[in-house]
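Structural overview
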Amino acid sequence: PTKMSRRRVDTRSSLGPDDEVMPYSDDETDDELEEESSEGEEEAPERAPQPQVETRPTDVTWKVKANDRPYHQLPEFKKKVFLCIKKSKYSGNAIKTYKYNFLTFLPLNLYEQFKRVANIYFLVLLILQIIPEISTLPWYTTLIPLVIVLGITAIKDLVDDLARHRMDNEINNRKSEVLLNGRFQEAKWREIQVGDVVRLKKNDFIPADLLLLSSSNPNSLCYVETAELDGETNLKFRMGLRVTDERLQEDHQLADFNALIECEEPNNRLDKFTGMMLWDRERYPLELDNMLLRGCKIRNTDWCHGLVIFAGGDTKIMKNGGKTRFKRTKIDELMNYMVYTIFALLILVSAGLAIGHTYWYEAIGTKAWYLFDGKDRTNGYRGFLSFWGYIIVLNTMVPISLYVSVEVIRLGQSKFINWDLQMYFAEKDTPAKARTTTLNEELGQIQYVFSDKTGTLTQNIMQFKKCTIAGLIKPFSISCQPVDWSWNRYADKKFQFIDHSLVAHVRSKKDKDAMEFFKLLSLCHTVMVEHKADDLVYQAASPDEGALVTAARNFGYVFLSRTQDTMTIREMDQEMTYEMLALLDFNSDRKRMSIILKFPDGRIRLYCKGADTVIYERLSPSSKHKETTQTALDVFANETLRTLCLCYKDISAEEFEAWSRRHKEAQVTMNDREAALDAVYEQIENNLMLIGATAIEDKLQDGVPETIAKLAKADIKIWVLTGDKKETAENIGYSCSLLTDDMEIHYGDDVNEKLTRRQASRRDDPQAYRRGKKKTAEPFFPGSNKNALIITGGWLTDFVDMAFECEAVICCRVTPKQKAHVVSLVKKYKKAVTLSIGDGANDVNMIKTADIGVGISGQEGMQAVMSSDYAFAQFRYLQRLLLVHGRWSYIRMCKFLRFFFFKNFAFTLVHFWYSFFNGYSSQITFEDWFITLYNLAYSSLPVLLVGLLDQDVNDRLSLKFPKLYIPGQQGTLFNYKNFFISLFHGMFVSLIIFFIPYGAFLQTMGQDGEAPSDYQSFAVVAASSLIFIVNLQISLDTSYWTFVNCFAVLGSIAIYFGVMFDIHSAGIHVIFPSVFTFTGVASNALRQPYLWLTIILTVGISLLPVICIQFLSKTIWPSVGDKVRPLPVQQQACWSFSDLSA
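Residues numbered from 1 in each chain as written. Predicted model: local features only at pLDDT ≥ 70, side-chain atom pairs only at ≥ 80, totals over all residues. Heavy atoms only, no water.

The name an unreviewed UniProt entry gives the protein is Phospholipid-transporting ATPase, with Neolamprologus brichardi as the organism. For the protein, the Cofactor (unreviewed entry) comment in UniProt is given as "Mg(2+)". UniProt, in its Subunit (unreviewed entry) section for the protein, records the words "Component of a P4-ATPase flippase complex which consists of a catalytic alpha subunit ATP8B1 and an accessory beta subunit TMEM30A. The flippase ATP8B1:TMEM30A complex can form an intermediate phosphoenzyme in vitro. Also interacts with beta subunit TMEM30B." (UniProt positions renumbered as here; feature names shortened; annotations may be inferred.)

What follows is the structure, encoded as structure tokens:
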């Protein structure tokens, strides 16, 4: 009760722009949105954005002649492909999705791989190593790792491309019947051409984009399944033109068919087609309903004929296979900057050592007779050669295997999401699906979630609950027992209603308003009906429409069938057929649909249903019940019901005749047909008489309030973007816990007043708001209260600062374009990591614009899923995706990167310390083969497994304590601070690895009386110490131990010793004397207990500070995860989130 009495503001009377007339385009891209926002940025402070409707001219250069292949080879249809070589602009029907063939695989794949800067860098290094004057390492130390990295990537690309080859061959070799030489012949899909007439049979796939000519069903009706095109499994109907239905049934008629089709150029708009057919000097308009698109399947139709309009790569499904916008994570960007930093450090260190060599050679080298090499070189030139030598020696500072390792980790993390049974929806057999492998760790850094309402927070399963007829709300009387529909043999037994009086009114035929109400519902729609075993099955384009037609059916107004120009319904016990004169279809701009019918008695009537905002603008001044219906609409909205207004208009024959002529002219225009039709529709949809309104219930999905509450505790801001009324959206906000009673709600007037005041202050003091200067720190909402914002779609640019101060934001009456615009604004001004989640085609722009897009596979098809990065069946799975998989992925990737940089610095900087004792001569510390295999075999597997398997707390605790998510949002686990800590840690370890063995080797005597203080023994001891240190260090950093981790650590150490003893053996030296030069060193050095003591001392001193720091940090400065992890189960239950945040 307290919620219902909360003050509301009528946004229609507010100062903002009218969001009901905002332009809408389904193919808006993020780039366009960013351009718009940047262009409008200067103007935004001065005035509210004024909507302008864009006109998009339609190209009509695409001409198709039926049964005339030579026509499409005429010179006017040729296009230049190379120099003077031309070919027809009409594609053949063979498709090619593969990238390589036998000849192009190697050069093309290498070209693509060498577009990566890291691979080019190592190729340059390889070239440098071939130059004798500067080569300090054998060429194979770089070649082998480079070949392995390139080879792994090439094999993956080859496997993927072979699968594409197989799929292309399978599709191109499918067979269909094509009309050739007057009769239908079987032909492969690859042989079909534009202008061919094709015959398809039941369950056939459609081979190209076809114009439907005729079918076995009455009125050339054809049912298609579009699952491969847009993922929707419900059947859709397509209908041929009446003229082709009547005149193109027989083979000889089809053979004589010679129409010319003029239409738009090939494009990727699945929801639009504009064309015209010229046949026997008559012009006939063509639209999407006349088209059979490639990728669909013929259903419930024995046969049909179609004319090929677009073939192969020109078809809409192939046009939609273009490149999607590449998304990169913040860690990716940071990692690249760090690689650039390492490269800069490499150049600086190499330059410093080269300068050192120049001065050293001048001071010492020229005086040492044993260093004389007989080459007449200046000291400066020797320093220059030393610089390139050190670039080669220290090249491992830039890790060659980093990018490959990151891809392997991301692939594994994606598989874990796919395999998670707790995100599997058994009712629809729908598992979670990671549709990308590049964004997993970004899931652990989300700050803003933008959610659609219908079908995302709600189930999108519509149930007719209430209505208002002639100003009276129904149910008027409520009974405990639902209505018994046994009197109606056509009734849907699943439909439930509790107002017996309304049923009695309708059945008595005394309430004319109620009869007109349900007659409108049974006639004003685009539903198709199938008769199955004495039952009616409705195929509706939307759940709302299906629910309304089903309601009319149960109340005795049963929709039975439709043809191209008639609709048949059963009104109680009487079957009536109405002539359909025009159908004014629904779209997101119009927000309404109308149908013009001719009654059996000759009357012409327009029925219309639509959103209250657009209907009330078009009502006649003499229309009754406007105030009472508006009151009922507010009541329905408060109960979170979806509403539609119903109205009618009687039209005289003369008025319709005049309007029909204008309508036909608009139908055949080729320049912006949609705008022309909308203008004509406006001329007839006026002076409407209100009948009433419907109220449909769309229940919340299971677990939505709990999910939103947990995400809020993880400091994730949730914004709901919906096209619904403000009151409906607000009450849904309360029911799903997005809005709470302790929040102060700010509505339209309040918002507009504050924004207007802020804009006025900008005009008064423009210098304070100059671009680049910091904005005023004065808050919109002073005080410490929680704030929530409920705003309509017109003030999107100016409200961003205000919205950031709110705990919750709900945007109502927003178009799909505006949804994407909101996301783009937050990305631009807040620099935040964003996630959009939706289930329908109207959410696609929002999903593509956000850093991460999540699609819900719900009732509205699969368009959102097909455009998303991650997909699952229920909103409640979002908490597990973010708080478990996202958090783990982020922690694992950060730990992996920190350790990867550390182990490479510890390994490479040993050469740096050695330089001070070899005259800065770019001599290497370790053996060649150790350098080659260090990153490939000796240290890669343990850190890779940490990146794949590590977890600080289990999934149950991750969900129980959402505060654990906050470090990811703050980016505290991997940043430049962590990078430099890894750098200095590596420097410290490299210092220990060099100087402790160096000190031990200064004055040493072995057991046999010989001094094992040679360079090669020193290299073995230093290398052995390094392998122990990096593998034990990763063991200290591992939070979650499995058998695989243990095996990897011990296995890496075992591999090192096994390989080292092999390559130090005499046998391999005899075969390759110049390559394997450390003959017998390992066996000689490692039998000395003194050197083992040196290794143990080196490892101990390197690890002891780390152990101490970890102990102190976990006892004195514990993280949230440290606080949670050691608690017993009983104690964990007593901890509150405030304790953790403290």
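Bringing the overall build of the protein into the picture now. In terms of helices and strands, the protein carries 39 helices and 35 strands. In the protein, which comprises 1142 residues, the share counted as buried stands at 55%. Contacts in the protein between residues far apart in sequence, at least 24 positions, make up 73% of those at least 6 positions apart. As displayed, the protein has an accessible area near 50400 Å², and 56% of this comes from carbon and sulfur atoms. (Helix = DSSP H or I, 4+ residues; strand = E, 2+ residues; numbered from the N terminus. Buried < 20%, exposed > 50% of the residue type's maximum accessible area, 1.4 Å probe, protein only. Contact = heavy atoms within 4.5 Å. Areas by Shrake-Rupley, 256 points an atom, 1.4 Å probe, with all protein chains shown as cover.)

Before going further, it helps to spend a moment on the environment of serine 594. Along the chain, serine 594 turns up in strand 25 (residues 592–598). Counting along the chain gives 16 residues from serine 594 to glycine 610, while the straight-line C-alpha distance between them is 8.6 Å. For serine 594, the residues in contact, after removing those within four places along its chain, are Cys524, Ala582, Leu583, Leu584, Leu606, Tyr607, Cys608 and Glu685. Within the structure, serine 594 has its side chain in polar contact with the side chain of glutamate 685 (distance 2.5 Å). (Polar contact = N/O pair within 3.5 Å; in protein donor to acceptor, adjacent residues only side chain to side chain.)

Moving on, we come to the nonpolar core. Counting 95 residues, the largest nonpolar core has Leu402, Phe896, Leu897, Phe901, Phe926, Phe930 and Leu1026 as the members making the most contacts within it. For this core, the element with the most residues is helix 26 (residues 877–915), which contributes 17 residues. Ignoring any residue separated from it by four or fewer positions in sequence, one finds phenylalanine 930 in contact with Phe907, Tyr938, Ala1023, Leu1026, Ile1027 and Tyr1056. Judged by nonpolar contacts, the second largest core, of 52 residues, contains Ile95, Val178, Leu288 and Val308. (Core = buried A, V, L, I, M, F, W, Y, C linked by side-chain atoms within 4.5 Å.)

For the rest of this paragraph, the subject is empty space enclosed by the protein. Here the structure, examined in full by the defined rule, presents six cavities of 30 Å³ or more. Volume-wise, the largest cavity comes out at about 150 Å³. Lining the largest cavity are 18 residues, and of these Thr141, Pro145, Asn395, Thr396 and Ile400 sit closest to its centre. Breaking the lining of the largest cavity down by element, the ones donating at least two residues are helix 4 (140–172), helix 10 (379–393) and helix 27 (928–938). It is helix 27 that contributes the most residues to the lining of the largest cavity, five residues altogether. Of the pockets and cavities examined, the second largest cavity occupies roughly 80 Å³. Considering the residues around the second largest cavity, the lining is formed by Phe926, Glu927, Trp929, Phe930, Tyr938, Ala1019, Val1020, Ala1023, Tyr1056, Met1060, Ile1063 and His1064. Within the residue set of the lining of the second largest cavity, elements represented by two or more residues are helix 27, helix 32 (1015–1037) and helix 33 (1043–1063). Partitioned by chemical class, the residues of the lining of the second largest cavity number ten nonpolar, one polar and one charged. (1 Å grid on protein atoms, 1.4 Å probe; cavity = no way out; pocket = protein on both sides within 12 Å on 5 of 7 lines; lining within 4 Å. Points joined across faces, edges and corners; volume = space filled by probe spheres on them. Nonpolar A, V, L, I, M, F, W, Y, C, P; charged D, E, K, R; others polar.)

Where helix 13 (residues 512–523) meets helix 14 (residues 543–554), the closest approach of the two axes is 8 Å, and the angle between their N-to-C directions is 130°. The orientation of helix 13 relative to helix 14 falls into the category oblique. The crossing of helix 13 and helix 14 is left-handed. In this structure, helix 13 contributes Phe518, Leu521 and Ser522 to the contact, and helix 14 contributes Leu548, Val549 and Ala552. Class assignment of the residues belonging to the contact of helix 13 with helix 14 gives a composition of five nonpolar, one polar and no charged. (Axes fitted to C-alpha atoms, helices over the stretch in contact; angles between N-to-C directions. Parallel < 35°, antiparallel > 145°, perpendicular 65-115°, else oblique. Left-handed = near helix turned anticlockwise from the far one by under 90°.)

Bringing the UniProt feature "active site" (unreviewed entry) in the protein into the picture now. In this structure's numbering, the residues bearing the UniProt feature "active site" (unreviewed entry) are Asp452. Along the chain, the position of aspartate 452 falls in the loop between strand 17 (448–451) and strand 18 (458–469). Among the residues examined, aspartate 452 registers a relative accessible area of 5% and is labelled buried. Residues within four places of aspartate 452 in sequence aside, it is in contact with Leu457, Leu721, Lys819, Ile837, Gly838, Asp839, Asp843 and Met846.

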